[in-house]
Amino acid sequence: MVPFPTPKRRRVYLMRHGAVTYFDETGRPVPSPEAVPLNELGRSQATAAGKILAAENIVFDRVIVSGLPRTVETAQRVLAEMPAMQERGIALEAWPELQEIRGGKLAEIPEHEVAQAFIGAFEGTVHEDRRFLNGESVGEFLDRVIPAIARLRALPDWDTILLVLHGGTNRAILSHAITGGERVFFGNLAQTAGCINVLDVGDAPTDWVLRMSNFSPPSPAHLGSRLTTMEVLLQQYLRYRQPT
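Residues numbered from 1 in each chain as written. Predicted model: local features only at pLDDT ≥ 70, side-chain atom pairs only at ≥ 80, totals over all residues. Heavy atoms only, no water.

You'll find the protein entered in an unreviewed UniProt entry as 2,3-bisphosphoglycerate-dependent phosphoglycerate mutase, with Ralstonia mannitolilytica given as the organism.

What follows is the structure, given as structure tokens:
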């Protein structure tokens, strides 16, 4: 009998940043959406995630963020709850290619296209020519995310890693993983702000195992609204675009 070679897999903890505020109370977009910090809820989500990870005595070899302030702050708050990580003093690594799918200018989107511009890139299996908020296409997005994940897998110096990224970026990575390395984007993979996903990855390109998805430490049962993040943001923006 040919012996079964025991797979050697490494572990990826993939988080979405905590909640932020993109629109004011009137629905007007904030001046610099890329620079928004976590709001009060986002800070509590990041802290809760850190406590969960600390309780499991998890230690990361590397911590990667997209470089946008909301991912940096989330990672910092997570690590602040993990004494073992504070002792190691590992610096955050910014990988800009893992930033969120980039939108265009909201004011330039025609009235009749606003709804689809918000939610179209996050519905079912999304075609690569679909653009997010009239900005970057899904294909262009995958062109930078998938090679970055391949580069990460090629690095030999880690066993357990934390990625703190974005809802769209996480969907791209999860879609890639659950299809065994295919180039595809499933928009309906929910990613609650501050959530944790757990993946194992082996040496073979197809060797991905999804252990856990969209675990939300403050509310594991996902109580509350049944709207998606983009549906909520659309409602907020329409207060400004279509004032009553």
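This is not the end of the story, as more comes after the structure.
(A) Inspection of the pairing of strand E6 (residues 208–215) at higher detail. The pairing of strand E5 (residues 196–201) with E6 spans 5 bridges and is classified as antiparallel. Of the residues in E6, the one forming a bridge with Val198 is Met212. Two successive antiparallel strands, E5 and E6, enclose a turn made up of 6 residues. (Pairing = 2+ DSSP bridges. Helix = DSSP H or I, 4+ residues; strand = E, 2+ residues; numbered from the N terminus.)

(B) Seen up close, the pattern of salt bridges. For the structure shown, the criterion picks out 12 salt bridges. A salt bridge links Arg183 to Glu128; the nearest nitrogen and oxygen atoms lie 2.7 Å apart. You can see Arg183 sitting in the loop between helix H6 (167–178) and E5 and its partner Glu128 sitting in the loop between helix H4 (114–119) and helix H5 (138–154), a full 55 residues away along the chain. Arg183 gets classed as partly exposed once you look at its relative accessible area, which sits at 41%. Arg183 serves as the salt-bridge partner of Asp143, at 2.8 Å between the closest nitrogen and oxygen. Separated by 40 residues along the polypeptide, Asp143 in helix H5 and Arg183 in the loop between H6 and E5 bring together distant segments of the chain. Looking at Asp143, the relative accessible area reads 47%, which means it is partly exposed. Shared partners join several salt bridges into a network, and the residues in it are Arg11, Asp200 and Arg211. (Salt bridge = Lys/Arg side-chain N within 4 Å of Asp/Glu carboxyl O. Buried < 20%, exposed > 50% of the residue type's maximum accessible area, 1.4 Å probe, protein only.)

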